[in-house]
Every structure is written in C-alpha cells, then in structure tokens.
Amino acid sequence: MLNWQDFDVVFQAKPDYAYDNKTVENITRHRKEFGELFFDRIWKSIGLMRPSRNNYPPRTNQDLRNLWSKIVQSSAADEQKLALLFYVLRDCRQLSNADVNFARRTYLPQKYQLLVAGLWELDHAQFSRALEHLTDPSLTPTFADDILLALLQHPKCDPALATAYYIAVSPPLKDQAALEAYFQLLLRNNLVEAYYFAKKQDHLRHKALFEELVITVHQETPGSEHAERATLLAGLRFTAEEDRWFEECLLNGGGSKLAGAKDSVMARRIALGRSTSDISALNRLKGEDIAGVSWDYVRTGITEAVP
C-alpha cells in the first residue's frame, strides 16, 4: 500500500511539484463565485479549524507540502483524510492520473471517490459532470442542501440541473436558504408544483410558503400571464385551512395592499358558490369596469339569479 502520509513518496515522480498559475487563479475565482468551496466544507468537516482559504490553493511547492501535512496530521479518520488528499491531487493537472493512481494504491472506497470527484467538479463550475457523480444511486447524499443551493445560486448553472438534482437526491432542505431558493425556482416555473411542494412541509413552513406563493403571484406585473396565474391560483383545491390563509393574507395580511388582492378573494368565493356579503371589504369592492362589467354588475346578477 502507498505510504500516503509521506509527500515525497506520493510525489516521487516530481517532488518539487507546485500548482501552476492558471490553476491557482481558477480556484480563487471559483471561491469568489460560490462564496465557499466544497473543499472548504470538507476541510472543516475533518476538524481543521484554521481557514482553508489560507491553505488552498497552495501557490508554491512548500505551500503544497504544508497543506498535505495539515491534512495528514488532522484528527479525522484515514478515509476522510484520503478523500481530501484525493481532491488535492485532482488539481495536479501536470501529473498524469495522479488522483486515479492515488485512489487505487490507497484503496480509497468508491463512495469517497464519487463524492469527491463530484464536489471537485462542482467547485470548478462543471455542473453537468458534477451531477453525474453526485446523483449516483450508490452514493449516500452528503452536503445535499449545500449542493442544491450552489446549483441554484450560480449564475452560469442551468436551473434544470438543480431540479434534476432535487428529484434524484431529495435533499432534506433543513437549510432555510436552500428551501427558499428551490421554492422560488418552482414559483417561476410551475405554480401548481410550488403549491404542492408547500403542502409537503411542516405546518409552519407550509403556511409561510403558501402565503409567499399568494403574495408572489399578486406582485407580478399586470398582463395576460399574470391574469392566467392569478386565475390558476384562485382555482386551486385549497384545504379549509388554506382557504382561511388565502383570505387572511389578501384581506388583512402581507398581500392586502397588492393590486387585485380583493378581486382574487371575490373571484374565488364566487367560483366556489360562497357568499361575499359577510366581508365588508368585498361589499365595497368596485373593481375595474371591463366592457361594462364590474363587481357591482356581477353581484347584481348573482342576487337576481338566487330565488
């Protein structure tokens, strides 16, 4: 087995090896884009508390040796150390198959190879290749919320990849930022999916996301698309509790000052055959006169139709 703790043994083909300038620049740029690399997260997960940005990327051979030594001397399990060293070797582009040979000669488990390869690709903004590894069925999801958030927030990542990752992995979404970012994606793409996604959450999150859905639709720029989405929202099969949330939000809550708020409540009540007379705000509602039709006209028609 390879004596992986000895830098000179691992780098015996080129003991003076150092990252080239392009590699260092790319890593530094990607850290700025993401805010935090997955290398940084792995670094902290194995108990290395000093900021990883001070150690990675290494700019000289001595920096690389120091980085290697800190990982080797950490208190983490050997497999975790090997995984991070495997990551470091993936940046050694001038050393042919250095990472593959290292994994083979140290018997690094396949699950660690898959995870690290995927996180390395993600840190280098290679999103499709990252997901080829990170969605492998044999891999236990790790950093799942963080991965989803990284996919959603990076401006060069196709949102469809974030959706594919969510469907394949089912991240727990314990991180509020990841939950909110994914819900925003659903709101933009499919209102019905966003509604049913909110229903799957615990009670507090369900209520908060439901109200966010209602407010988001009513904040949209007026037009045919907005009208279609508002109509779709008002026609969804809410539970009795959701019905209360809907009316409270639009009559007294965060959506009450938005254009069309009371119109939506009125439209839903009429569509469901419910009275509008018990809500004074609706009785005062005039609404826009369109081709001679206003809410007064509709109310009058309903009243005359009732025996």
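What counts as what
Residues numbered from 1 in each chain as written. Predicted model: local features only at pLDDT ≥ 70, side-chain atom pairs only at ≥ 80, totals over all residues. Heavy atoms only, no water. Axes fitted to C-alpha atoms, helices over the stretch in contact; angles between N-to-C directions. Helix = DSSP H or I, 4+ residues; strand = E, 2+ residues; numbered from the N terminus. Parallel < 35°, antiparallel > 145°, perpendicular 65-115°, else oblique. Left-handed = near helix turned anticlockwise from the far one by under 90°. Contact = heavy atoms within 4.5 Å. Nonpolar A, V, L, I, M, F, W, Y, C, P; charged D, E, K, R; others polar. Salt bridge = Lys/Arg side-chain N within 4 Å of Asp/Glu carboxyl O. Buried < 20%, exposed > 50% of the residue type's maximum accessible area, 1.4 Å probe, protein only. Phe/Tyr/Trp six-rings, centres within 6.5 Å; stacked < 30°, edge-to-face > 60°.

Following both chains from N to C, one finds helix H5 (residues 78–90) and helix H7 (residues 110–123) inclined at 40 degrees, their axes separated by 10 Å at the closest point. In terms of their interaxial angle, H5 and H7 are classed as oblique. Classified by chirality, the crossing of H7 by H5 is right-handed. Each of Glu-79, Gln-80, Ala-83, Phe-86, Tyr-87 and Arg-90 in H5 lies in contact with H7, whose residues at this interface are Tyr-112, Gln-113, Val-116, Ala-117, Leu-119, Trp-120, Glu-121 and Asp-123. Looking at the contact of H5 with H7 residue by residue, the classes come out as eight nonpolar, two polar and four charged.

Here we take up the environment of Thr-140. Secondary-structure assignment places Thr-140 in the loop between helix H8 (127–134) and helix H9 (144–153). Sequence-wise, Thr-140 and Tyr-112 are 28 residues apart; in three dimensions their C-alpha atoms are separated by 9.8 Å.

Right, let's talk about the pattern of salt bridges for a bit. The tally for this structure, following the rule as stated, stands at 15 salt bridges. Across the salt bridge formed by Lys-44 and Glu-36, the nearest N and O atoms sit 2.6 Å from each other. Given a relative accessible area of 47%, Lys-44 falls into the partly exposed group. Of the charged contacts in the structure, one is a salt bridge between Glu-211 and Lys-207, with a shortest N-O distance of 2.7 Å. Note that Glu-211 and Lys-207 are positioned in helix H13 (residues 203–219) at a spacing of four residues, about one turn of the helix. Residues joined in a network through salt bridges with shared partners are Glu-36, Arg-41, Lys-44 and Asp-146.

The subject of this paragraph is the packing of helix H3 (residues 38–45) against H5. Where H3 contacts H5, the two axes come as close as 10 Å, and the packing angle between them is 155 degrees. For the element pair H3 / H5, the angle class is roughly antiparallel. Here the hand of the crossing between H3 and H5 comes out left-handed. Residue-level inspection shows Phe-39, Ile-42 and Trp-43 of H3 in contact with H5, the latter providing Leu-84, Tyr-87 and Val-88.

To continue, consider the packing of aromatic side chains. For the structure on display, the rule yields 21 aromatic pairs. With a centroid separation of 6.0 Å and 25 degrees between ring planes, the pair formed by Phe-183 and Phe-197 is classed as stacked. With Phe-183 in helix H11 (residues 176–189) and Phe-197 in helix H12 (residues 191–199), this residue pair connects regions lying 14 residues apart in the sequence. Taken individually, Phe-183 and Phe-197 each receive the classification buried, so the pair is uniform in this respect.

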